[in-house]
Amino acid sequence: RLRNAILSPDGRQLAYYMAGARDPELNGMWLLRIDAPNVEPVKLGFFGAFRWRDADRLFFIPLKADAPSTELWQLDTRTGREQLVIPAIPESPFKIANGDWDVSADGRKIAYLSAKDRNVWVAQLPD
């Protein structure tokens, strides 16, 4: 029941989620290195949308249905460090509609459909 499997840009890692497993411990977000033999997948501490920023950094948006705006986080897959990139701000237009967002090829911007005004916005991101 693997869902939404996305390879890192260099093809070394696979981010995905599992849902509907008989064993509830198997459900959730996972990261798997596929460039080394006998490596076990690592369960991640969030659930939500995700996209690769680059070969070692994964953007994720934790599922918080009633939040005033969207939060964007970054996971450094080398260190396991999570960093808040864009905080939830009530008056902000950063509330993504229907999971409609993507990361630019250089990882410096995201484009998203705003749930507040139904326009497409582009956000410049810090390094």
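Preceding this section is the structure that the text describes.
In this report, the structure presented in the accompanying data block is examined. (Residues numbered from 1 in each chain as written. Predicted model: local features only at pLDDT ≥ 70, side-chain atom pairs only at ≥ 80, totals over all residues. Heavy atoms only, no water.)

### Focus: the pattern of salt bridges
Right, on to step 1. All told, the structure shown has nine salt bridges when counted by the stated rule.
Right, on to step 2. Asp35 is paired through a salt bridge with Arg33; the nearest N and O atoms lie 2.7 Å apart.
Right, on to step 3. The partner of Arg57 in a salt bridge is Asp54, with the nearest N and O atoms 2.6 Å apart. (Salt bridge = Lys/Arg side-chain N within 4 Å of Asp/Glu carboxyl O.)

### Thoughts on the nonpolar core
Right, on to step 1. In this structure, Phe59, Leu72, Trp101 and Ile110 are the most contacted members of the largest nonpolar core, which totals 13 residues.
Right, on to step 2. Of all the secondary structure elements, the ones that give two or more residues to this core are strand E6 (57-62), strand E8 (82-86), strand E9 (96-103) and strand E10 (109-114).
Right, on to step 3. For this core, the element with the highest residue contribution is E9, accounting for three residues.
Right, on to step 4. Setting aside anything within four residues of it in sequence, one finds Trp101 in contact with Ala49, Phe50, Arg51, Phe59, Ile61, Leu72, Ile96, Ile110, Ala111 and Tyr112.
Right, on to step 5. Listed in part, the 10 residues of the second largest apolar core include Ala15, Met29, Trp52 and Leu58. (Core = buried A, V, L, I, M, F, W, Y, C linked by side-chain atoms within 4.5 Å. Buried < 20%, exposed > 50% of the residue type's maximum accessible area, 1.4 Å probe, protein only. Helix = DSSP H or I, 4+ residues; strand = E, 2+ residues; numbered from the N terminus. Contact = heavy atoms within 4.5 Å.)

### A word on the sheet that holds strand E3 (residues 28-33)
Right, on to step 1. Strand order in the open sheet formed by four strands is E1-E2-E3-E4, with antiparallel pairing between adjacent strands. A single partner strand is all that each edge strand has here, and the edge strands are strand E1 (2-7) and strand E4 (42-43).
Right, on to step 2. By the bridge criterion, four bridges tie E1 to strand E2 (residues 13-18) in an arrangement that is antiparallel. Within E2, the residue paired with Arg3 across the bridge is Tyr17. (Pairing = 2+ DSSP bridges.)

### A few points about the packing of aromatic side chains
Right, on to step 1. What the rule picks out here adds up to four aromatic pairs.
Right, on to step 2. Aromatic side chains Tyr17 and Phe47 sit 5.5 Å apart centroid to centroid with 85° between the ring planes, which places their arrangement in the edge-to-face category. Here Tyr17 is found in strand E2, whereas its partner Phe47 is found in the loop between E4 and strand E5 (48-52), with 30 residues between them in sequence.
Right, on to step 3. Residue Phe47 is classed as partly exposed on the basis of its relative accessible area, which comes to 39%.
Right, on to step 4. Note on Phe46 and Phe60: the rings are 3.7 Å apart at their centroids and 10° apart in plane angle, and the pair reads as stacked. Highlighted residues: Phe46 in the loop between E4 and E5 and Phe60 in strand E6, separated in sequence by 14 residues. Grouping residues by exposure puts Phe46 and Phe60 together as buried. (Phe/Tyr/Trp six-rings, centres within 6.5 Å; stacked < 30°, edge-to-face > 60°.)

### Considerations on the layout of surface pockets
Right, on to step 1. For the largest pocket, the calculated volume is near 320 Å³.
Right, on to step 2. Forming the boundary of the largest pocket are 17 residues, of which Ile61, Pro62, Leu63, Lys64 and Thr70 lie nearest the centre.
Right, on to step 3. Among the elements of the structure, E5, E6 and E9 are those that each provide at least two residues to the lining of the largest pocket.
Right, on to step 4. Considering each element in turn, the lining of the largest pocket owes the most residues, four residues, to E9.
Right, on to step 5. Within the lining of the largest pocket, the residues separate by chemical class into nine nonpolar, five polar and three charged. (1 Å grid on protein atoms, 1.4 Å probe; cavity = no way out; pocket = protein on both sides within 12 Å on 5 of 7 lines; lining within 4 Å. Points joined across faces, edges and corners; volume = space filled by probe spheres on them. Nonpolar A, V, L, I, M, F, W, Y, C, P; charged D, E, K, R; others polar.)

### With respect to unusual backbone geometry
Right, on to step 1. Positive phi, normally seen in glycine, also occurs at Asn4, with a value near 50°.
Right, on to step 2. Position of Asn4 among the secondary structure elements: in strand E1.
Right, on to step 3. Although it is not a glycine, Arg118 sits at a positive phi angle of roughly 60°.
Right, on to step 4. Secondary-structure assignment places Arg118 in the loop between E10 and strand E11 (120-124).

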